[in-house]
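# Overview (structure and organization)
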Amino acid sequence: MPSEKKISSANDCISFMQAGCELKKVRPNSRIYNRFFTLDTDLQALRWEPSKKDLEKAKLDISAIKEIRLGKNTETFRNNGLADQICEDCAFSILHGENYESLDLVANSADGANIWVSGLRYLVSRSKQPLDLMEDNQNTPRFMWLKTVFEAADVDGNGIMLEDTSVELIKQLNPTLKESKIRLKFKEIQKSKEKLTTRVTEEEFCEAFCELCTRPEVYFLLVQISKNKEYLDANDLMLFLEAEQGVAHITENMCLDIIRRYELSEEGRQKGFLAIDGFTQYLLSSECDIFDPEQKKVAQDMTQPLSHYYINASHNTYLIEDQFRGPADINGYVRALKMGCRSIELDVSDGSDNEPILCNRNNMTTHLSFRSVIEVINKFAFVVSEYPLILCLGNHCSLLQQKVMVQQMKKIFGNKLYTEAPLPSESYLPSPEKLKRMIIVKGKKLPSDSDMLEGEVTDEDEEAEMSRRMSVDYNGEQKQIWLCRELSDLVSICKSVQYRDFELSMKSQNYWEICSFSETEASRLANEYPEDFVNYNKKFLSRIYPSAMRIDSSNLNPQDFWNCGCQIVAMNFQTPGPMMDLHTGWFLQNGGCGYVLRPSIMRDEVSYFSANTKGIVPGVSPLALHIKIISGQNFPKPKGACAKGDVIDPYVCVEIHGIPADCSEQRTKTVQQNSDNPIFDETFEFQVNLPELAMIRFVVLDDDYIGDEFIGQYTIPFECLQPGYRHVPLRSFVGDIMEHVTLFVHIAITNRSGGGKAQKRSLSVRMGKKVREYTMLRNIGLKTIDDIFKIAVHPLREAIDMRENMQNAIVSIKELCGLPPIASLKQCLLTLSSRLITSDSVPSVSLVMKDGYPYLEPLGAIPDVQKKMLAAYDLMIQESRFLIEMADTVQEKIIQCQKAGMEFHEELHNLGAKEGLKGRKLNKATESFAWNITVLKGQGDLLKNAKNEALENMKQIQLACLSCGLSKAPSGGAEAKIKRSLEAIEEKESGEENGKL
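Attention here is on the structure that accompanies the text. (Residues numbered from 1 in each chain as written. Predicted model: local features only at pLDDT ≥ 70, side-chain atom pairs only at ≥ 80, totals over all residues. Heavy atoms only, no water.)

## Describing helix 15 (residues 399-413)
Taking 1.5 Å per residue as the helical rise, helix 15 with its 15 residues ought to reach 21 Å, and the 21 Å between its terminal C-alpha atoms agrees with that figure. Every buried residue belonging to helix 15 is among Q401, Q402, V404, M405, V406, Q408, M409, I412 and F413, and all of these are buried. Residues of helix 15 that are buried sit in contact with strand 13 (343-349), helix 14 (370-380), strand 16 (389-396), strand 17 (439-443), strand 19 (480-484) and helix 17 (485-490). Looking one or two residues beyond helix 15, the residue adopting positive phi is G414, at roughly 60 degrees. (Helix = DSSP H or I, 4+ residues; strand = E, 2+ residues; numbered from the N terminus. Expected span 1.5 Å × (residues − 1). Buried < 20%, exposed > 50% of the residue type's maximum accessible area, 1.4 Å probe, protein only. Contact = heavy atoms within 4.5 Å.)

## Observations concerning the environment of L819
Locating L819 in the fold gives a position in the loop between helix 24 (793-816) and helix 25 (825-836). For L819, a relative accessible area of 17% puts it in the buried group. Remark: the alpha-carbon pair of L819 and N73, spanning 746 residues in sequence, is separated by 6.1 Å. With near-sequence residues (within four places) excluded, L819 lies in contact with N73, K814, Q827, C828 and T831.

## Structural notes on the pairing of strand 16
In terms of burial, strand 16 is a largely internal element, 7 of the 8 residues being buried. Relative to strand 16, strand 13 is paired through 7 bridges, and the arrangement is parallel. Counterpart to L346 in the pairing with strand 16 is L393. Bridging between strand 16 and strand 17 involves 4 bridges; their strand directions are parallel. Pairing of L391 across the sheet is with V441, part of strand 17. Handedness of the crossover is the feature at issue here: the chain leaves strand 16, passes through helix 15, returns alongside strand 17, and the resulting connection is right-handed. (Pairing = 2+ DSSP bridges. Right-handed = clockwise from strand over helix to strand, strands pointing away.)

## Details of the sheet that holds strand 3 (residues 45-49)
Within a sheet, neighbouring strands are paired by backbone hydrogen bonds and run either parallel or antiparallel to one another. Here we have 7 strands laid out as an open sheet, ordered 4-3-2-1-7-6-5, and antiparallel in their pairing. Each of the sheet's edge strands pairs with one partner strand only, and the pair in question is strand 4 (59-61) and strand 5 (65-70). Across the sheet, the mean angle from the axis of one strand to that of its neighbour is 30 degrees, orientation sign disregarded. Examined bridge by bridge, strand 1 (residues 21-26) and strand 2 (residues 32-39) share 6 bridges and lie antiparallel to one another. (Axes fitted to C-alpha atoms, helices over the stretch in contact; angles between N-to-C directions.)

## A look at the pattern of salt bridges
Two side chains that carry opposite charge are able to pair once their charged atoms sit near each other. Overall, the coordinates contain 50 salt bridges when judged by the stated rule. Here E503 makes a salt bridge to K507, at a shortest N to O gap of 3.5 Å. Here E503 pairs with K507, and both are found in helix 18 (residues 502-508), just 4 residues apart, close to one helical turn. Across the salt bridge formed by K850 and E857, the nearest N and O atoms sit 2.9 Å from each other. (Salt bridge = Lys/Arg side-chain N within 4 Å of Asp/Glu carboxyl O.)

Structure below.
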């Protein structure tokens, strides 16, 4: 089987096909037959048996093959009743004859399908060459490079070298290989040749290197994108980066620079080609990281109120072990601050010699001086992030030592302490931008309208929670502590207050006051009042701390509280595991600055969002996330595994975390006894309803474990994913990056209708062929307002119809081209052009610009197959044109309805009272009003984004047609006209943006 011998060249594919294997043959009538397929020894025909046809008819001439498609991308597969039972990655089709008939086949593995597809494409691309088309492996660029490497190391020039030298040389070229594996490969080669000596010849060195260092999945990819060569030139690489990797504004010079940096052979660097080894190194480089480089720096708006951000927060920061018996340790603060933490805790008690201390009050044996802690905080506060640091002060000191604390903080922090009194005229907290390099003290505060120098205040809420949990006779009364005026004055915009209920808080809580919720109480509120919790957090900060029952310092699930908009979810940084993985992964975004802007639906004053939503979020277009787990590299044995050899049986779990509607998990099959390069080749699709709150966690586990199954994981926010072929750097259980341990994946995000990355995330896919769903507006029960919203019903339907019609038209042409929905329009045009250009390289159609839109017109009579494709292309252009020309009008109608509705926002309660609405009915009316405003705003934004994407599509289609040769040999005037059309499209785009600005 293919897995027993690595495929490292076209010769390997041909040899495998000539030996033959069993494939499933799929018929349009839903019947599936097992047949044995072989390639003739003269490479001229494909044959299968058994067959009712005579032997000369049960074959397919290579010369008749028009196209080979990987995946279920023909009518036969799409319409077959058993298609759902067929693995996408094992299916492939051979299109042949003038009418593009399809021979639809299923291999036993994805690896097998890749071999047939790569081998057949290689044969078809060379079918016009003489019969001796098969290149001798010894003359390929790779072998020429390996010969030079060998000759440079062969100092005696004898053409042989010691095995030890050869092993060391291969380890230098590929440091991830184990020495034992290299030696075993040399022994296999020498045994096959019945050699007694252990000295290695040049040929054996080259053979061993290719067997050991060729990753078949990368080889198949290279052959696919190089149009069946065994190397990439600058044009191949440019197309790969544009169409597959989503890289914008790529040039030939940029591709040549990549080749010069990653190609290993001198010849390749000079001639501008990238062979398999250089391509593998490029894919493993940071340039192909799965994490969007834009998010490695501060990329979000930092001028919003503090309450609009999630804040990286630590619980019991002074601990490096569990909270029950762990000692206080200064390194807890160093670690948290180096991890971008922006909210840390200081539990301060009286110490000897009038020096306040920090200690775990369950373990008083070790303590830290308050002074030493704040000196460390001052040193590391703004090393990783310059945005504000919140000190959550747990004050258990006497009045005397409170004054010492104040003196020390003022002396050490100086003007970094933020003590400006909040302005009652404001409604929201200052922004992180305004508070840069400021230290904010969170704590209790004496009444500002009193002149007393000291007074009693309630103890921190965590103390009450601890007492309630631990004491049998706890009577519910809050413990009182004394607070001095000096310490009270250090607290400005984070005054700790007790939560009562949402209704009271929304009426009487000041924006500078913050409530702390225990995990238990916050969970109850999230389940019982999800909408109220979200609305509360638009204006006020909420801090969530772990339950007192977590004496082992285990972590809560932060996602449950982020879904409600809670900003400060305090985590036990000393406890690794899945929950800490989510927290660490989430705060990697926005440059790791510790602040992440919440979704607009959770910030807008009038908007509807429920944390418990089980379906589509109003005004947000759901996305399809396609993840293909291709392979793994250099998996270690689980750390805690015992009584077990080095061999593992890995599998991969893909978890989606987010709102309840998005939470999902799927796993690959198990690969038996392979830790070096297990091939999974499995594709999963997830629907993501609120991308801004979603995270993806890749987990690699051992299926045959004793004691410990965990191999590695990586967690990444959805918004930070890069599309295309990517390597995922796996982290250990404690969160450290493991060198050379990766997952190779393919990522595609489709049906995106807004937000930032138009060139990366295409609008062009529908999620299954189903009855069109329209987002409905809700009845409020107030005729005046309901009449306004009724006006919006028709433009809303128009907006959805325009977007859906354009999406469906794009999907239809992709289907006719035999491409999956995740393919880009550029890939679509390349396939289309190959069908529309004759064998003499003469196009049968020509690009014609009509009113600035790229139409294709036939240059004479064309076959029915081409007519069908042109009709689908015309429909795509027409639907795109209709959307571009009508979008502004329809969007304006939607915006006007939204504005007219918002005029009643302030008077909603009074109008409801006049109509006799009160209690639950009035609350329901308010909720429905917010829902309608959210829908109108969201659908308006979706339509605007769809128009921008349609304009970008027109530009890309026109450029693709030109590069594919589908334009008439342009005269100077024609060239100028095309250039003017492109400029006109760009002007439409920039005009649209300027208009909105």
